[in-house]
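# Architecture and fold: a report
Letter by letter, the chains look like this.
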Amino acid sequence: QAKLLLGPGDPDEEQASLILKSLRAFPLENDVTVCLGGRGDPFAYAGLDDFVAALSAIDAVKALYIETPGVGLTRSRMESLVASWMGANQSKRSPSLMTLIVRLPSLKQAQYRRWMGVDRLNDVLSFLDSICANPVAMNVCAEMIRLPENEEELDGFMKRFPSDKVRPLIGKYSRFGDVLPALDVVDLSPLNRDYCRHLAFDFFINAKGEMPVCRQKLSGGPTLRESDLLSVFESRRNLHLSWMKGERSEERR
């Protein structure tokens, strides 16, 4: 199965249209899981509901994940999104195939403000608590990226929400190809680095419509205007097979 990751930022209308057109060309049903995330907030995209409705009508799309800081989210906003996913007849897509992941880097006010740039921790926690009290139809998770500064918070975070209402997740810190400083709590690098497994199923598109060959790089690669998703995905599958044989080249796309 393929995983399509979209982000960061908002796509323009042409790029959104090209993504949808390319997904319609995928030959299999329930084959692609789409994730709207990255460094931005998908809920800042004015066309989000229409985009989600269009995704739900594509046979190749299996499930949808949305990553967000959760600032300003309301129940009515979530219900609107669920309705878009389910379609006009409210039965085409199950809301159980939608997952909202709320990024929650810290439960401390000062730490949250420093990392997120806004003083909205109480708003986000109130929203998540309201979901615990009265769940929405879709799956909801809260994610804390494990860092040295919040290591002592992890236990309390895991106990903060009822897992059957809001599932707590501990995420791995990414340096995005050494662009960010080394803040890993635990070094999970393999002792012997071999072929990249992500090439077999992960596919990343940034807001400019570029498709980098590596999910750790946020730019580069062919664009949506140059190549359709299926063609690039198939070429990356061949690249994955070459890597498995030890035939590696940083220049190949």
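See the structure shown above.
We now turn to the structure provided with this report. This structure is a prediction, so every number in the text was calculated from the model and none was measured. (Residues numbered from 1 in each chain as written. Predicted model: local features only at pLDDT ≥ 70, side-chain atom pairs only at ≥ 80, totals over all residues. Heavy atoms only, no water.)

We now examine the overall build of the protein chain. The secondary structure content of the protein chain amounts to seven helices and seven strands. Beginning at the N terminus, the succession of helices and strands in the protein chain can be written as β-α-β-α-β-α-β-α-α-β-α-β-β-α. When burial is assessed residue by residue, the protein chain has 43% of its 253 residues classed as buried. The long-range fraction of contacts in the protein chain, counting pairs at least 24 apart against all pairs at least 6 apart in sequence, stands at 72%. Total accessible area computed for the protein chain in this model is approximately 13400 Å², and 50% of it derives from carbon and sulfur atoms. (Helix = DSSP H or I, 4+ residues; strand = E, 2+ residues; numbered from the N terminus. Buried < 20%, exposed > 50% of the residue type's maximum accessible area, 1.4 Å probe, protein only. Contact = heavy atoms within 4.5 Å. Areas by Shrake-Rupley, 256 points an atom, 1.4 Å probe, with all protein chains shown as cover.)

Two elements in contact, helix H1 (residues 13-24) and helix H2 (residues 48-56), have axes separated by 10 Å at closest approach and are oriented at 10°. As judged from the angle between their axes, H1 and H2 are roughly parallel. Packed against H1, whose contacting residues are Ala16, Ile19, Leu20, Leu23 and Arg24, the element H2 presents Phe51, Ala54 and Leu55 at the interface. Its residues placed into classes, the contact of H1 with H2 shows seven nonpolar, no polar and one charged. (Axes fitted to C-alpha atoms, helices over the stretch in contact; angles between N-to-C directions. Parallel < 35°, antiparallel > 145°, perpendicular 65-115°, else oblique. Nonpolar A, V, L, I, M, F, W, Y, C, P; charged D, E, K, R; others polar.)

Under the definition given, this model contains two aromatic pairs. Between the aromatic rings of Phe26 and Phe233, the centroid separation amounts to 6.4 Å while the plane-to-plane angle is 55°, which identifies the pairing as tilted. Taken as a pair, Phe26 in the loop between H1 and strand S2 (32-36) and Phe233 in helix H7 (residues 229-244) lie far apart in primary sequence, 207 residues in all. Relative to Phe161, the ring of Phe157 has its centre 6.3 Å away and its plane inclined at 85°; by these criteria the two rings are edge-to-face. Assessed through its relative accessible area of 4%, Phe161 is described here as buried. (Phe/Tyr/Trp six-rings, centres within 6.5 Å; stacked < 30°, edge-to-face > 60°.)

Secondary-structure assignment places Glu143 in strand S5 (residues 139-145). Of the side chains bearing the opposite charge, Arg103 lies closest to the buried Glu143, which forms no salt bridge; the N-O distance is 6.4 Å. The contacts of Glu143, once residues within four sequence positions are left out, are Ile101, Val102, Arg103, Leu104, Pro105, Phe157, Leu169 and Gly171. (Lys, Arg positive; Asp, Glu negative; His and termini not counted. Salt bridge = Lys/Arg side-chain N within 4 Å of Asp/Glu carboxyl O.)

Within this structure, the stated rule accounts for ten salt bridges. Linking Glu14 and Arg225 is a salt bridge whose minimum nitrogen-to-oxygen distance equals 2.8 Å. Residue Glu14 is found in helix H1, and its partner Arg225 is found in the loop between strand S7 (202-205) and H7; the two are separated by 211 residues along the sequence. Judged by relative accessible area, which is 49%, Arg225 ranks as partly exposed. The closest approach of N and O atoms between Glu67 and Arg103, which form a salt bridge, is 4.0 Å.

Here the focus is the environment of Pro212. Inspection of the secondary structure puts Pro212 in the loop between S7 and H7. Taking the C-alpha atoms as reference points, Pro212 and Thr223, separated by eleven residues in sequence, lie 8.9 Å from one another. If we skip the residues at most four places from it in the chain, Pro212 touches Phe204, Lys217, Leu218, Ser219, Gly220, Gly221 and Arg236.

Of note, Asn30 is a non-glycine position whose phi angle comes to about 50°, a positive value. Tracing the backbone shows Asn30 in the loop between H1 and S2.

Further remarks concern helix H5 (residues 121-133). Here H5 spans 18 Å end to end across 13 residues, near enough to the 18 Å set by a 1.5 Å rise per residue. Looking only at H5, the buried set comprises Leu121, Val124, Leu125, Phe127, Leu128, Ile131 and Cys132. Each buried residue of H5 lies within a common arc of 155° when the element is viewed along its axis, so the set occupies one face. Each element contacted by the buried residues of H5 is listed here: helix H3 (75-86), strand S4 (98-103), helix H4 (109-116), S5 and helix H6 (154-160). (Expected span 1.5 Å × (residues − 1). Arc of directions from axis to C-beta.)

Structurally, Gln15 can be placed in helix H1. For Gln15, a relative accessible area of 6% corresponds to the buried category. Residues Gln15 and Leu224 lie 209 residues apart in sequence; the distance between their C-alpha atoms is 6.9 Å. With residues up to four places along the chain from it excluded, the contact list for Gln15 reads Ala207, Lys208, Gly209, Leu224 and Arg225.

In the contact formed by H2 and H3, the axes pass within 7 Å of each other and the chain directions differ by 30°. Here H3 runs roughly parallel to H2, going by the angle between their axes. On H3, the residues touching Leu48, Asp49, Val52, Ala53, Leu55 and Ser56 of H2 are Arg77, Ser80, Leu81, Ser84 and Trp85. Across the contact of H2 with H3, the residue classes tally to six nonpolar, three polar and two charged.

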